[in-house]
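Now for the letters of each chain:
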Amino acid sequence: MPGTLYIVATPIGNMNDVSARMTSTLQSVDVVFAEDTRVAKSLLHKLDIKVTVKRYDHHSHEKQIRHVLEELEEGHDVAYVSDAGTPGIEDPGGRLVESVARDLPEAPIVPISGPSAIITALSVCGFPADKFNVMGFAPKKKGRQTYFDNVAASTITTVLYESTHRIHKTVDEIASRQPDRKMVIARELTKKFETIMRGTASELVERLATASTKGEFVIVLE
Ligand code: SAM
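Residues numbered from 1 in each chain as written. Predicted model: local features only at pLDDT ≥ 70, side-chain atom pairs only at ≥ 80, totals over all residues. Heavy atoms only, no water.

**Concerning the packing of aromatic side chains**
Centre distance and the angle of the planes are the two values used to describe a pair of aromatic rings.
For step 1, the next point in the chain: For the structure shown, the criterion picks out 3 aromatic pairs.
For step 2, the next point in the chain: Note on Tyr56 and Tyr80: the rings are 5.9 Å apart at their centroids and 85° apart in plane angle, and the pair reads as edge-to-face. Of the two residues, Tyr56 sits in the loop between strand 3 (52-55) and helix 3 (61-73) while Tyr80 sits in strand 4 (residues 78-81), which places them 24 residues apart along the sequence. (Phe/Tyr/Trp six-rings, centres within 6.5 Å; stacked < 30°, edge-to-face > 60°. Helix = DSSP H or I, 4+ residues; strand = E, 2+ residues; numbered from the N terminus.)

**Describing the site of the ligand**
For step 1, the next point in the chain: Taken together, 19 residues lie near the ligand, and Ile12, Thr86, Tyr161, Leu189 and Phe217 sit nearest.
For step 2, the next point in the chain: Within the contact set of the ligand, a nitrogen atom lies 3.2 Å away from a backbone nitrogen or oxygen of Ala84.
For step 3, the next point in the chain: With respect to the ligand, the backbone of Thr86 contributes an N or O atom lying 2.9 Å from a nitrogen atom.
For step 4, the next point in the chain: About the coverage of the ligand: the protein hides 91% of its 580 Å² of free accessible area.
For step 5, the next point in the chain: Counting residues per element, the ones that place at least two in the shell around the ligand are helix 5 (117-125), strand 7 (157-163) and strand 10 (216-221).
For step 6, the next point in the chain: Sorting elements by how many residues they give to the shell around the ligand places strand 10 first, with 3 residues.
For step 7, the next point in the chain: Its residues assigned to classes, the shell around the ligand shows 11 nonpolar, 3 polar and 5 charged. (Near = heavy atom within 4 Å. Polar contact = N/O pair within 3.5 Å; in protein donor to acceptor, adjacent residues only side chain to side chain. Areas by Shrake-Rupley, 256 points an atom, 1.4 Å probe, with all protein chains shown as cover. Nonpolar A, V, L, I, M, F, W, Y, C, P; charged D, E, K, R; others polar.)

**Looking at a nonpolar patch on the surface**
For step 1, the next point in the chain: Residues Ile89, Ile119, Phe132 and Val134 make up a contiguous nonpolar surface patch of roughly 310 Å² in combined accessible area.
For step 2, the next point in the chain: With respect to the secondary-structure elements, Phe132 resides in strand 6 (residues 132-137).
For step 3, the next point in the chain: Overall, the relative accessible area of 33% leaves Phe132 in the partly exposed class. (Patch = residues over 30% accessible without salt bridge, like charges linked within 9 Å, V, L, I, M, F, W, Y side chains within 5 Å. Salt bridge = Lys/Arg side-chain N within 4 Å of Asp/Glu carboxyl O. Buried < 20%, exposed > 50% of the residue type's maximum accessible area, 1.4 Å probe, protein only.)

**Focus: the pairing of strand 3**
Two faces make up the sheet, and in a regular strand the side chains alternate between them.
For step 1, the next point in the chain: Alignment of strand 2 (residues 31-34) against strand 3, held across 4 bridges, turns out to be parallel. What sits directly across from Phe33, in strand 3, is Lys54. (Pairing = 2+ DSSP bridges.)

**A few points about the domain arrangement of the chain**
For step 1, the next point in the chain: Taken domain by domain, the chain consists of domain 1 (5-112) and domain 2 (117-221).
For step 2, the next point in the chain: Regarding the contact of domain 1 and domain 2, the summed buried area is about 600 Å², with carbon and sulfur atoms giving 61% of it.
For step 3, the next point in the chain: When the buried area of domain 1 at its contact with domain 2 is split by residue, Ile12, Ile89 and Glu90 rank highest and sum to 75% of it.
For step 4, the next point in the chain: For the pair domain 1 and domain 2, the interface holds 0 salt bridges.
For step 5, the next point in the chain: Run the count over domain 1 and domain 2 and you get 2 residue pairs in polar contact (both at pLDDT 80 or more).
For step 6, the next point in the chain: Of the residues contributing to the side of domain 1 that touches domain 2, the split by class is 2 nonpolar, 2 polar and 2 charged. (Domains from an automatic or database assignment. Buried area = accessible area lost by both parts, 1.4 Å probe.)

**Considerations on the sheet that holds strand 9 (residues 195-200)**
For step 1, the next point in the chain: The strand order across the open sheet formed by 5 strands is 6-7-10-8-9, and the pairing between neighbours is mixed. Unpaired on one side and paired on the other, strand 6 and strand 9 mark the two borders of the sheet. Adjacent strand axes in the sheet meet at a mean angle of 20°, parallel and antiparallel pairs treated alike.
For step 2, the next point in the chain: For strand 8 (residues 182-187) and strand 10, the ladder comprises 5 bridges, and the chain directions are antiparallel. Bridging from a neighbouring strand, Ala186 pairs with Val218 of strand 10.
For step 3, the next point in the chain: Across the sheet, helix 6 (residues 144-153) is in contact with strand 6, strand 7 and strand 10; its angle to strand 6 comes to roughly 160°.
For step 4, the next point in the chain: Where helix 8 (residues 201-210) meets the sheet, it contacts strand 8 and strand 9, and its direction lies at approximately 135° from that of strand 9. (Axes fitted to C-alpha atoms, helices over the stretch in contact; angles between N-to-C directions. Contact = heavy atoms within 4.5 Å.)

Structure (structure tokens):
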């Protein structure tokens, strides 16, 4: 019998979002594969869990997928954690699941649900979210204009990720195409400096000029 692969959601900033099921799963597995081993070790340390942590990131997929499959084949239970939130969105979790489902279909793949930056932002955006587009991060160079053209063309609620370094540029790009598009900027969700800004794109360009832009962002457009 192969082991089980657990896809474990982790907090997006607030340790009180750790669930009992997340903890018991991480306690029970034989090995944790992590997008960033330092981040995972810090989480495990806070939870007082001692378990082997191995790297599984975009760069190490080809090499590490064999180790994941070997562990499962030997009957060991494996957990995968991304940097934060629910794996599979803008992290290597999707590729991991794809490979295990294809190459070892008898291994159960179990989601351990929990925080998600996208869903948390959508839950407070106040826009219809029965259907939504997730556009991920804007490309830094190649494809950037097309990306923002596609964002402008999206007629349903649209979600973007952004970092502290490019939040101004990204909101400027959106406002230059659609100054009146309604927007929510969700900063540092679940953390001490959580800030939810609402307005049109052009209003938020002005607000951002004087606001703190440290931290992590999800942008939601109506
Ligand atoms: N798997 C994650 C999820 O749950 O949606 C997202 C992974 S994505 C690579 C990381 C990005 O999510 C960050 O760069 C930031 O844009 C966003 N993010 C993560 N945590 C956040 C938080 N606490 N507040 C706002 N945005 C956050």
